[in-house]
Amino acid sequence: MKYNPAKEIAKLKIPVLIIQGTTDLQVQVSDARILKAAKPDAQLDIIDNMNHVLKESDNDQQHNLATYRSPDFPLKAGLMNDLMQFIKH
């Protein structure tokens, strides 16, 4: 990548919410923790069984990828609540 996400997030002077799912196939929880370390005042929400497209999924890769293609899978329960709480503060 041209940019280092940790260096870029550290430059921000605004509130930051980092949302990471535990079943994300593209970005790991450890990556989210690196961002949090670079911006200690950021809020970090790690959501169990949420994948990269913010939908409920287990660790089964076939099922996980199916959520990418189908609008029938809703967003992970609780995600919108987390977003609204962050926005209201």
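Residues numbered from 1 in each chain as written. Predicted model: local features only at pLDDT ≥ 70, side-chain atom pairs only at ≥ 80, totals over all residues. Heavy atoms only, no water.

Undergrad: Describe the pattern of salt bridges, naming the residues involved and giving the relevant values.
TA: According to the stated counting rule, one finds 3 salt bridges in the structure shown. Between Lys76 and Glu56 there is a salt bridge; the shortest N-O distance is 2.6 Å. Of the two residues, Lys76 sits in the loop between helix 3 (61–69) and helix 4 (79–88) while Glu56 sits in the loop between strand 2 (43–47) and helix 3, which places them 20 residues apart along the sequence. With relative accessibility at 14%, the residue Lys76 sits in the buried group. (Salt bridge = Lys/Arg side-chain N within 4 Å of Asp/Glu carboxyl O. Helix = DSSP H or I, 4+ residues; strand = E, 2+ residues; numbered from the N terminus. Buried < 20%, exposed > 50% of the residue type's maximum accessible area, 1.4 Å probe, protein only.)

Undergrad: Provide a residue-level description of the pairing of strand 2, including the pertinent values.
TA: Two elements, strand 1 (residues 17–21) and strand 2, share 5 bridges in a ladder whose sense is parallel. Looking across to strand 2, one finds that Ile19 is bridged to Asp45. The parallel pair strand 1 and strand 2, bridged by helix 2 (residues 29–38), forms a crossover whose chirality is right-handed. (Pairing = 2+ DSSP bridges. Right-handed = clockwise from strand over helix to strand, strands pointing away.)

Undergrad: Tell me what's going on with the layout of surface pockets, and back it up with residues and numbers.
TA: As a volume, the largest pocket reaches approximately 160 Å³. Forming the walls of the largest pocket are Met1, Asn4, Pro5, Ala6, Asp31, Ile34 and Leu35. At the level of secondary structure, the elements contributing two or more residues to the lining of the largest pocket comprise helix 1 (5–10) and helix 2. Broken down by element, the lining of the largest pocket gets its largest block of residues, 3 residues, from helix 2. (1 Å grid on protein atoms, 1.4 Å probe; cavity = no way out; pocket = protein on both sides within 12 Å on 5 of 7 lines; lining within 4 Å. Points joined across faces, edges and corners; volume = space filled by probe spheres on them.)

Undergrad: Please set out the environment of Val27 residue by residue, giving values where relevant.
TA: Relative to the elements of secondary structure, Val27 occurs in the loop between strand 1 and helix 2. Note on Val27: relative accessible area 27%, which makes it partly exposed. Note: C-alpha distance between Val27 and Ile87 (60 residues apart in sequence) is 24 Å. Beyond its immediate stretch of four places on either side in the chain, Val27 contacts Gln20 and His52. (Contact = heavy atoms within 4.5 Å.)

Undergrad: Just give me the short version of unusual backbone geometry, but keep the residues and values in it.
TA: Here Asn49, not a glycine, exhibits a phi torsion of approximately 60 degrees, which is positive. Tracing the backbone through its elements, the reader meets Asn49 in the loop between strand 2 and helix 3. Looking at Asn49, the relative accessible area reads 34%, which means it is partly exposed. We note that Leu54 has phi near 65 degrees; this positive angle belongs to a residue other than glycine. Along the chain, the position of Leu54 falls in the loop between strand 2 and helix 3.

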